Amino acid sequence: MRRRSGKGNRVGLALCGLVPLAAGGLALARALGAFGGDAARRPVIDAGTRNFAATAPWFWPVIAAVGFVLALIGLAWLLALLRVDRLRRLRLESGTSGVTEVDAHPASEALAAQVGAYPEVRRAHAVLRGSSDDPRLDLGVSAVEPADLGALVTRLHDEAVPDLRSTLGLRRLPATVRLDLASGHRPRPGRGVSP
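Residues numbered from 1 in each chain as written. Predicted model: local features only at pLDDT ≥ 70, side-chain atom pairs only at ≥ 80, totals over all residues. Heavy atoms only, no water.

Enquirer: Help me understand the overall build of the protein, please; the structure alone is not making it clear to me.
Expert: The secondary structure content of the protein amounts to six helices and five strands. For the protein, the sequential pattern of α-helices and β-strands runs α-α-α-α-β-β-α-β-β-α-β. Counting the 195 residues in the protein, one finds 24% classified as buried. Long-range pairs, those at least 24 residues apart, make up 59% of the contacts in the protein with a sequence separation of at least 6. (Helix = DSSP H or I, 4+ residues; strand = E, 2+ residues; numbered from the N terminus. Buried < 20%, exposed > 50% of the residue type's maximum accessible area, 1.4 Å probe, protein only. Contact = heavy atoms within 4.5 Å.)

Enquirer: I would appreciate a short explanation of the pattern of salt bridges in the present structure.
Expert: Two side chains carrying opposite charge are able to pair once their charged atoms lie near each other. Across all of its chains, the model carries four salt bridges by this definition. Close ionic contact of Asp38 with Arg41 constitutes a salt bridge, the shortest N to O distance being 3.0 Å. Here the residue Asp38 and the residue Arg41 both occupy positions in helix 2 (residues 37-41), the gap between them amounting to three residues, near one helical turn. Judged by its relative accessible area of 52%, Asp38 falls in the exposed class. As a salt-bridge pair, Arg178 and Asp138 come within 3.1 Å of each other at their nearest N and O atoms. Here Arg178, found in strand 5 (residues 175-182), pairs with Asp138, found in strand 4 (residues 135-144); they are 40 residues apart in sequence, far enough to count as distant. A relative accessible area of 44% places Arg178 in the partly exposed class. Taking relative accessible area as the criterion, Asp138 reaches 14% and is therefore assigned buried. (Salt bridge = Lys/Arg side-chain N within 4 Å of Asp/Glu carboxyl O.)

Structure follows, in structure tokens:
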């Protein structure tokens, strides 16, 4: 579901950017004489539209307002896509004496380092997402061919994710694991974990 909406957002934003870019490019090309000298000398807007705009003083302000609203919608759309649901602080324990919170980034880095040290893994990247009350793990693993992916998934399920869950004192930690096969050899020590 998330992949489909991401693709739709990328296509929609690309179209919203390409249509005005194409229109502006065509107008510039016309003004520079790419479509002939007569086309470069003629106004872009026909006489009927110019006459209507001259008799209706509201015409250009309405066009500007519509353009401004469309720009705001596009900007809001882009900002919504840039919003990251990366978990910054993780609530570990709450009680009558207060709440214990930790920075979620070091826990993610520790898991990525643990998984990145597996012999069949080239690099690993882990991020805790969601809310502090309901965190979830997003784990990306790049394995070196010919890795036994079944054994790797089993090790992640039985070792890595439970280690993080118990370290953080969580009863449950839903995890999404993205596996990628890469050809070649493991990098030298110290270069296997992506930040």
